Amino acid sequence: MWQNYLFPATVQEALEMLAAHGGQARIIAGGTDLVLQSQRGQCAATVMVDITRIPGLDAIEERDGYITIGCQVTHARIAASPLIRQKAEVLALACGSVGGPQTRNVGTLVGNVVNALPAADGAVALFALEAEVEVADADGRRWLPIAEMYAGVGECTIDPCVQMVAAVRFRPLSDGWASAYQRLANRKALALPILNTAVVVGLEEGVCSEVRIAVGPVAPTPFRAREAEAALAGQPPTPEAVVRAARLAAEAANPRDSVLRGSRDYRKAMVEVLVRRALTEAVTKAMP
Amino acid sequence: MLLEMILNGKSVSVEIEPGDLLVQVLRERLGLIGTKIACGEGECGACTVLVDGVAVTSCIYPAMKAHGRRVETIEGVAQDHELHTIQQAFVDHAASQCGYCTPGFIMSAKALLDVNPQPTRDEIVAGISGNLCRCTGYYQIVDAIEDAARRMGEGR
Amino acid sequence: MQLKAVGQGVQRVDIRQKVRGTRKYPQDFNMEGQLYAKVVWSAHPHAVVKRIDTSAAEAVPGVVRVITYRDVPVNEYGINVHDQPVLIAEGDKVRWVGDRIAIVVAETERIAAHARDLVQVEYELLPVVDDPRQAMKPGAPLVHEDRESNILKHIVIRRGDVEQAFAQADVIVEGYYTTHHVEHAYLQPDAALGFVDDEGRIAVISSCQWPADDLHQIAHMLDLPEDQLREIVPTVGGAFGGREDMYIQHLAALCAFVLRRPVKIVFDREEVTQRTGKRHPFYMRHRTGATRDGRIVAAQVELISDAGAYASTSIPVLGNAASFALGPYKIPHARVDAYTVYTNNAVTMAMRGFGATQPPFGYESQMDKLAEALGMDPVELRLQNLLDVGDIAVTGNVMTAETGAKETLRQAALAAGWREEDGHWIKPDLGTPSAPYKRRGIGVAIAYKNVGYSLGYDDKTTAKVELSLAESGEIARVLVKVAAVEVGQGVLTALAQIAADTLGVDVDKVRLALVDTTETPDAGSSSASRHVFISGNAVARAAAQAKEKWQAILRDETGEMHVEAEYTFHGRSVRPTTPFDPETGQCEPHISYSYAAQVALVEVDVETGQTEILKFWAAADAGKVINPIMYFGQQAGGVHMGVGYALTENYIQQEGRPRARRFSEYHIPTVMDMPHEFESIAVESAPDPNGPFGATGLGETPTLPTAPAITNAIHDATGVWIESLPANAERVWRALRAAHKL
Ligand code: FES
Ligand code: FES
C-alpha cells in the first residue's frame with residue numbers, strides 16, 4: 001500500500017518531507033479515513049508523513065480570546081474536555097457522536113475537517129463556531145476562515161501533499177451564549193448522520209444578538225443557513241420566531257437523495273425539525 | 001521498516017512493510033491470532049487492541065503508529081492459566097457465543113475499567129458501543145463487565 | 001433419572017478458549033507451503049460471459065495458477081439442486097453478482113489480490129429482473145433459460161370454503177406486507193484452507209453448518225468418492241443459516257485438488273456481504289375475516305418470495321412459510337398460495353427462521369388490525385384464536401402435546417403488565433413520554449416454528465458415545481462423536497449436558513470430538529433449531545446404550561476398559577412428516593414446534609419517525625430448558641436479530657447491484673440500539689415427550705415475533721400501520737405524513 005512511513009519532529013520537517021516527495025507524500029494524523037481511502041484507491045500517495053509525534057500540536061487551550069485545538073487532538077479528547085464542554089459544548093457533542101470509541105480515540109478533529117465531507121460532525125460544529133484553521137506551508141503559517149477550506153464534496157483547498165493544518169481556533173462562548181447539536185442517524189453508534197445540525201446563539205436582553213446555524217449534509221460543504229440566521233437575529237427567540245427560522249433553514253437546504261441514508265424529501269423535512277430543536281435548546285441554555 | 005514496541009509487556013521488534021496495519025503485524029508476522037478481523041474498516045471492534053492503554057481498531061491502525069508504544073492484545077490479558085477477572089466474568093455470564101467478537105469486547109472492557117473502575121451501566125454501554133456482536137444481544141456482555149467491575153472493586 | 005446437568009447453567013464447554021482468544025477459526029490456520037486464492041467475481045447481475053482472458057494475471061510473478069471452469073471436473077453444485085456453476089464458462093451466463101469467473105492462486109495474498117484485477121472478462125449484458133412480482137409474469141427475461149418461467153415453485157393450501165366463510169364474516173381486514181433482503185452478518189468472515197491430507201484425501205478446514213452435505217456436493221463437483229474427501233470444522237464464528245450453503249469450502253477444495261498444495265481463501269467483509277446469500281424478501285397479501293365476537297372464520301394469503309439467482313433452499317423455505325403463513329391460529333377456512341421466483345438479485349437461503357420469520361410480520365399485523373376493527377384487546381383476540389392441543393391446523397394436522405401457544409402469550413402479556421378482569425384483558429398504563437413530540441405504544445406478537453426438518457424429509461443424526469473406564473470400573477471419561485457444528489448456539493454444551501445426565505456422570509467428564517467427517521458421524525445441519533431435539537435424542541440414546549454395556553461389564557466383571565455405542569435417531573421414528581398434498585396442501589408438516597410471544601414498549605418520535613425500544617419482554621416455550629444461561633443468550637441474540645430486522649438492517653440492491661456493501665452500510669444494532677430493559681421468560685408449559693428431557697428447540701423462535709411486536713407498538717403509539725420493513729425513521733415518518741394528510 002505505502003512505500004514509506006515517516007515521523008517528522010517539527011512542522012518544518014513535515015513540510016520538507018512533503019516537498020521532497022513531490023506529491024507522492026501526504027500528511028497522516030489518525031488515519032481512520034485515510035487508511036480506507038488508500039485501500040480503496042482513493043488516495044494515491046505512497047509516503048505517509050505522520051504528524052502525531054511533533055511536539056506542541058496536542059493542546060486544547062484558551063489563550064488570547066480564542067480556544068485553540070492542535071491538529072493531534074482526537075475526537076475523544078475533545079468530547080471529554082471540560083474546557084470544550086463548558087465553552088463550546090456543541091463541538092464536544094459533535095465529536096462525541098463520531099463512529100465508536102475506538103475511532104474517536106484515534107481520529108482527529110483536524111483530519112475530519114481536511115477530509116472535507118459535508119456532514120463531518122466536528123466540521124459542522126466548527127462552522128457554527130466560525131472557526132479558523134491554521135495552515136502551514138512553504139509560505140509560513142496563517143489563519144483562514146474554515147469555510148475557505150472547502151471546494152466541494154470531499155475536496156479541500158488545503159493540499160495535504162504540500163500543506164498541513166496545524167490547528168483550529170474559535171471564540172469561546174461566554175455568558176449569554178449557548179450552543180446545541182442535533183443528529184439523526186440510522187443507529188445510535190457507528191453510523192454516519194442522515195442529517196446533523198449545530199447552532200450557536202447569543203442572547204442580549206431577551207433578543208438574539210447573533211445566531212449561527214450549520215447543517216450537513218445538505219450542500220457540497222457544511223451549510224450555513226444564513227437567511228434563517230438573519231430572520232432570528234435581532235428578534236426575541238419566541239417559539240414562533242424559532243419555527244420561522246427553522247423553516248427558512250429547511251427551504252434553503254438542498255440535500256441529495258441517498259439510497260442508504262435517506263431521501264431528499266425526508267432530509268429537507270428533518271432540517272426543520274432538527275434546527276428547531278437545536279435552536280430551542282440553545283436558546284433555553286443561553287437564558288440567564 | 002523496523003517496528004519496535006512493548007507487546008504484552010515484552011519488547012518486540014519486527015520487520016514490517018510501511019503499509020502494514022497493526023492487525024496484520026499481530027496476526028501474520030507475530031502469529032497472535034486472538035485479534036480478529038471481521039469488517040476491516042473500523043466498524044465492528046473485533047480487532048480492538050490497546051495502544052498506550054487506549055482502545056484502537058487495529059484493522060485501520062497503521063502499524064508504525066505503534067512504534068515505541070505499549071501494545072496489549074487479548075493474549076496478554078490472562079496471567080498464565082489464571083483468567084483475568086473480566087474474562088472470568090465473561091465465562092460466568094456466557095457473554096461469548098460464537099466467540100469471534102469476544103477478544104475485541106474484552107479489550108474494550110479492559111480499556112474502560114483501567115481508567116474507570118466503577119462505571120455506571122450507561123458508561124459500560126458507551127464503552128462497548130464500537131463493538132458489534134451478532135450472537136448475544138449484548139446483555140450478558142454488559143452484565144459481565146458490570147460484574148467484573150464489582151469483583152475488581154472488592155479485590156482492591 | 002436424576003438431573004444434575006440438564007436444567008443448570010452449566011459453563012459453556014468452549015468458552016474459556018474463546019475469552020482467551022486461543023480458539024481457532026478457519027482463518028487462524030496456516031500450513032507449510034500454503035498458497036492464497038482470490039475469487040474473480042461477476043461484474044454484472046445478468047450477462048453472457050463472452051471471453052475470459054487470464055494471461056495478464058498469469059504473467060504476474062508469484063501467481064501460481066488461474067483456475068477456470070476448464071479445471072472443474074463437474075461444474076455444478078447446490079444444496080438441494082445442483083443448479084449453480086462452480087465457475088462460469090465462456091458462453092454461459094452470470095445470473096447475479098455472486099457468480100464466480102475464476103480463482104487466482106498466488107504465493108501471497110497481496111499478489112493474488114493484485115492479479116485478480118487483471119483477469120479480463122468480456123460480457124454481453126442481459127436485461128435484469130430484480131422484482132419477483134415482475135419476474136413471474138409471462139414474457140419476463142428468464143434467469144434460467146431452460147425453464148419456461150421464473151416461478152421455481154408454487155405451493156397451495158386449501159381448507160374449507162373460504163369464499164363462503166368470508167361472505168359470513170362480520171369483519172374483514174386486509175393488508176399487503178413486504179419484507180426485505182437481510183444479511184446474516186455473522187462476525188467471522190468465511191474462510192477455508194484446502195489441502196491434501198496424509199492419506200491423500202482432498203481436505204478442507206472450513207466454517208460451515210453441515211459438513212456431510214458439503215462433502216456430498218464436493219464429491220459431485222470433483223467426481224470423487226466421498227471417502228477421498230474430508231472436511232474439518234474447527235470453530236465457526238456465527239452462521240444463522242448463512243453457512244448452510246457452500247460459498248467458500250468447495251473453492252478451497254477445488255484449489256487443493258488442482259494444485260495438490262494447501263490453498264487458503266479468506267473472504268473480506270465486502271465479499272461476505274455482497275457475494276453470499278440472504279434472507280428472502282416476501283410480498284404477502286392477506287385477508288382475514290372474523291365474527292363480531294372475535295372468532296376467525298376465514299383467512300387467505302398470497303406469498304411471493306424472491307429466490308434470487310439460484311434455487312438454494314428456496315423451496316423448503318417456501319414450504320415452511322406456507323405452513324406458517326396464517327400463524328398459530330384456529331382457522332376453519334383457509335387458502336394459501338405461495339410462490340418462490342427466480343430473479344437476478346442475491347441468492348436467498350436459510351436464515352434464522354427458515355421461512356417462519358417473514359410470515360409473522362403479515363399475520364401478526366393482521367391480528368392487530370382485526371383487534372382494532374373489533375374494538376378488542378389484541379392479547380384477548382389472540383388468546384381466543386390460538387391453537388391448543390387437539391386443534392387442527394390449516395394443513396389438517398392435529399396439534400400435539402408441545403403446543404404452548406396460549407401459555408406463552410399469557411406469560412408474556414402478564415409480565416408486560418396486562419391484567420385479566422372478568423375474562424377480559426386490559427393493557428397496561430404506559431407512563432409519560434420523555435418529550436412532547438414522542439408517543440408511547442405497546443405491541444404484542446406471537447409466532448411458532450418447526451423443530452427439525454419438515455414435510456417428509458428424513459431428519460436424522462448419528463452419534464457415537466465412547467466411555468473410558470477407570471480401574472475401579474467407574475466412568476472416567478466420555479467422548480461424544482457427532483458432527484453437530486457449534487456455530488455459537490451452544491450445541492456442544494447442551495449435548496454434553498444430555499450425555500452427562502443420561503450416563504449419570506459429571507458434565508466435565510464429557511468431551512465432544514472435533515468435527516471431522518473422517519471421525520464424527522453425520523448429524524445433519526446446525527439449522528431448523530434441531531440439534532437439541534434430533535442430535536440430543538441420538539446422543540441420549542447412544543449414551544443409554546453405552547450405559548447398558550458398561551453396566552453389563554460391571555455385572556459380568558469382564559475387566560473391559562472401553563465401551564462404545566452408536567445410535568442413529570430418525571425424526572420420523574417419533575413423528576413421520578409428509579409432503580404437501582399437491583391440491584390441498586394437507587399434510588403432517590413438522591416433527592415438533594416451539595413458540596415465542598413478545599411484547600415491545602416503544603417511544604416513537606413523531607417528528608422524525610425514530611423508534612426507541614424502552615422495554616422488551618420475550619417469552620418462549622421450547623419445552624424443557626436444557627441450560628438457562630444459554631437460553632437467555634438465545635433469547636437476547638434472537639431479539640437482537642429481530643430488532644435489526646424491524647428497524648435498522650436493509651440489504652439494498654438496485655437492479656441486482658448491491659448498495660449496502662459493508663458493515664458501515666449494513667447496520668446491525670449496536671448495544672445502544674437494543675431495548676433499554678430486557679426480560680426473558682422461559683415458559684416450559686408444553687414439553688415434548690419425544691424431545692430429550694422434554695426439550696424442543698430454541699435457536700430460531702425468539703427472532704420471529706420481534707418485528708411485528710415492534711411495528712404493532714409503533715401503531716399503538718401513532719395510529720399508523722407499518723406494512724413494509726424495515727420500519728426505519730424515514731418509513732415511519734412517511735406513514736405518519738400520509739396519515740395526517742388524510
Ligand atoms: S475488523 Fe477492525 S473494526 Fe472490524
Ligand atoms: S459471540 Fe458471536 S459475534 Fe459475538
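Residues numbered from 1 in each chain as written. Chains lettered and ligands numbered in written order. Predicted model: local features only at pLDDT ≥ 70, side-chain atom pairs only at ≥ 80, totals over all residues. Heavy atoms only, no water.

(A) Inspection of the overall build of chain C at higher detail. When helices and strands are tallied, chain C shows 17 helices and 30 strands. Taking 27 Å as the expected radius of gyration for a compact globule of 742 residues, we find that chain C reaches 26 Å, a close match to that expectation. Each of the three principal axes of chain C carries a C-alpha extent, and together these read 75 × 75 × 55 Å. Of all 742 residues assigned to chain C, the portion counted as buried reaches 66%. Expressed as a percentage of contacts within chain C between residues at least 6 apart in sequence, the contacts between residues at least 24 apart total 79%. Element-wise, carbon and sulfur atoms account for 47% of the exposed surface of chain C, whose accessible area totals about 24100 Å². Across chain C, the 73 positively charged side chains and the 96 negatively charged ones have centroids separated by 3 Å. (Helix = DSSP H or I, 4+ residues; strand = E, 2+ residues; numbered from the N terminus. Rg over C-alpha atoms; globule rule 2.2 N^0.38 Å. Buried < 20%, exposed > 50% of the residue type's maximum accessible area, 1.4 Å probe, protein only. Contact = heavy atoms within 4.5 Å. Areas by Shrake-Rupley, 256 points an atom, 1.4 Å probe, with all protein chains shown as cover. Lys, Arg positive; Asp, Glu negative; His and termini not counted. Charge placed at Lys NZ, Arg CZ, Asp CG, Glu CD.)

(B) Structural view of the interface of chain B and chain C. With 51 residues of chain B at the contact, the number on the chain C side is 53 residues. Together chain B and chain C conceal approximately 3900 Å² of surface at their shared face, both sides included; 60% is due to carbon and sulfur atoms. Across the contact surface, chain B and chain C share 4 salt bridges. Asp28 of chain C serves as the salt-bridge partner of Arg27 of chain B, at 2.7 Å between the closest nitrogen and oxygen. (Buried area = accessible area lost by both parts, 1.4 Å probe. Salt bridge = Lys/Arg side-chain N within 4 Å of Asp/Glu carboxyl O.)

(C) Highlighting the domain arrangement of chain C. Residue and element names in this part refer to chain C. Here chain C is described as being made up of domain 1 (35-43 + 47-126 + 185-275), domain 2 (282-387 + 395-454 + 579-738) and domain 3 (458-573). Placing a centre on the C-alpha atoms of domain 1 and another on those of domain 2 gives a separation of 36 Å. Taken together, the 26 residues of domain 1 in the interface contact 28 residues of domain 2. Summed over both sides, the interface of domain 1 with domain 2 buries roughly 2200 Å², with 60% coming from carbon and sulfur. Of all residues in domain 1, Arg95, Trp96 and Phe240 bury the most surface against domain 2, accounting for 24% of the area lost on that side. Where domain 1 meets domain 2, there are 1 salt bridge. Residue Glu270 is joined to Arg662 by a salt bridge in which the shortest nitrogen-to-oxygen separation is 2.8 Å. Where domain 1 packs against domain 2, one counts 11 residue pairs in polar contact (both at pLDDT 80 or more). When grouped by side-chain class, the residues that make up the side of domain 1 that touches domain 2 number 12 nonpolar, 6 polar and 8 charged. (Domains from an automatic or database assignment. Polar contact = N/O pair within 3.5 Å; in protein donor to acceptor, adjacent residues only side chain to side chain. Nonpolar A, V, L, I, M, F, W, Y, C, P; charged D, E, K, R; others polar.)

(D) View of the packing of helix H5 (residues 89-96) of chain A against helix H8 (residues 121-128) of chain A. All names here are of chain A. Look at H5 against H8: their axes get within 8 Å of each other, and the N-to-C directions meet at 170 degrees. With respect to H8, the element H5 is oriented roughly antiparallel. Each of Val90, Leu91 and Ala94 in H5 lies in contact with H8, whose residues at this interface are Asp121, Gly122, Ala125 and Leu126. When grouped by side-chain class, the residues that make up the contact of H5 with H8 number 5 nonpolar, 1 polar and 1 charged. (Axes fitted to C-alpha atoms, helices over the stretch in contact; angles between N-to-C directions. Parallel < 35°, antiparallel > 145°, perpendicular 65-115°, else oblique.)

(E) Representation of the pairing of strand E20 (residues 438-451) of chain C. Residue and element names in this part refer to chain C. Counting buried positions over the 14 residues of E20 gives 12, a clear majority of the element. The pairing of E20 with strand E26 (residues 592-605) spans 14 bridges and is antiparallel. Its bridge partner lying in E26, Tyr448 is registered against Tyr595. (Pairing = 2+ DSSP bridges.)

(F) Molecular detail of the side chain of Glu244 of chain C. All names here are of chain C. Positionally, Glu244 belongs in the loop between strand E11 (229-233) and helix H7 (249-259). One buried charged residue, Glu244, remains without a salt bridge, the closest side chain of opposite sign being Arg530 at 7.7 Å. Those residues in contact with Glu244, other than ones at most four positions away along the chain, are Ile79, Gln209, Thr313, Met349, Ala350, Phe354, Ser525 and Ser527.

(G) The packing of aromatic side chains, seen in detail. Throughout the structure, instances matching the rule amount to 17 aromatic pairs over all chains. Judged by centre distance (5.8 Å) and plane angle (10 degrees), the rings of Tyr448 of chain C and Tyr593 of chain C are stacked. Of this pair, Tyr448 of chain C sits in strand E20 while Tyr593 of chain C is found in strand E26, placing the two residues 145 residues apart along the sequence. Here Tyr448 of chain C and Tyr593 of chain C have matching classes, each one buried. Considering the side-chain rings of Phe632 of chain C and Phe678 of chain C, the 5.6 Å spacing of their centres and the 90 degrees angle between planes classify their relative orientation as edge-to-face. Here Phe632 of chain C is found in helix H15 (residues 628-648), whereas its partner Phe678 of chain C is found in strand E30 (residues 677-682), with 46 residues between them in sequence. Its relative accessible area of 21% is what places Phe632 of chain C among the partly exposed residues. When its relative accessible area of 13% is taken as the criterion, Phe678 of chain C is described as buried. Cluster of aromatic residues (ring-pair linked, three or more members): Tyr139 of chain B together with Phe616, Phe632 and Phe678 of chain C. The ring centre of Tyr645 of chain C lies 4.6 Å from the NZ or CZ of Arg279 of chain C, which sits over that ring. One residue, Arg285 of chain C, lies across the ring of Tyr176 of chain C, its end atom 4.0 Å from the ring centre. (Phe/Tyr/Trp six-rings, centres within 6.5 Å; stacked < 30°, edge-to-face > 60°. Lys NZ or Arg CZ within 6 Å of the ring centre and 35° of its normal.)

(H) Focus on the sheet that holds strand E2 (residues 47-53) of chain C. All names here are of chain C. Pairing in this open sheet of 3 strands is antiparallel, and the strands run E4-E2-E6 from one edge to the other. Pairing within the sheet leaves two strands with one partner each, and these edge strands are strand E4 (93-94) and strand E6 (120-125). Here E2 pairs with E6 via 6 bridges, running antiparallel. By the bridge assignment, Val49 is partnered in E6 with Tyr123.

(I) Highlighting the environment of Ala95 of chain B. If you trace the backbone, Ala95 of chain B turns up in the loop between helix H2 (85-92) and helix H3 (102-115). On the accessibility criterion, Ala95 of chain B (1% relative accessible area) is buried. Sequence separation between Ala95 of chain B and Val25 of chain B is 70 residues, and the spatial gap between their C-alpha atoms is 28 Å. Excluding its chain neighbours within four sequence positions, the residues that come into contact with Ala95 of chain B are Phe90, Thr136, Gln140, Ile141 and Ala144 of chain B together with Ile15 of chain C.

(J) Highlighting the pattern of salt bridges. Applying the stated criterion to the full structure yields 79 salt bridges over all chains. For Lys110 of chain B, the salt bridge identified is with Glu72 of chain B, shortest N-O distance 2.8 Å. With a gap of 38 residues between them, Lys110 of chain B in helix H3 and Glu72 of chain B in strand E5 (residues 70-72) connect regions that are remote in the sequence. Given a relative accessible area of 12%, Lys110 of chain B falls into the buried group. In the salt-bridge network here, residues are joined through shared partners; they are Glu130, Glu210, Arg212, Arg224 and Glu229 of chain A.

(K) Geometry of the pairing of strand E5 (residues 66-70) of chain A. Residues and elements named next belong to chain A. For E5, a buried count of 5 out of 5 residues is recorded, marking the element as mostly surrounded by other parts of the structure. The two faces of E5 match: Tyr66, Thr68 and Gly70 on one face and Ile67 and Ile69 on the other face are all buried. By the bridge criterion, 4 bridges tie strand E4 (residues 60-63) to E5 in an arrangement that is antiparallel. By the bridge assignment for E5, Glu62 is matched with Ile67. Hairpin connection between E4 and E5: a loop of 2 residues separates the two successive antiparallel strands, and Asp64 in this loop has a positive phi of roughly 50 degrees. Sheet analysis places E5 next to strand E10 (residues 164-170), joined by 4 bridges and oriented antiparallel. The residue of E10 that forms the bridge with Ile69 is Val168.

(L) How the structure looks around unusual backbone geometry. A cis amide bond, omega -15 degrees, links Gly216 of chain A with the succeeding residue Pro217 of chain A. Within the secondary structure, Pro217 of chain A sits in the loop between strand E13 (207-216) and strand E14 (223-224). In this chain, Leu725 of chain C is followed by Pro726 of chain C through a cis amide linkage whose omega measures -5 degrees. Along the chain, the position of Pro726 of chain C falls in the loop between helix H16 (706-718) and helix H17 (729-741). Positive phi outside glycine occurs at Ser529 of chain C, with the angle close to 50 degrees. Here Ser529 of chain C is to be found in the loop between strand E24 (515-516) and helix H14 (531-556). Residue class for Ser529 of chain C comes out buried when judged on its relative accessible area of 10%.

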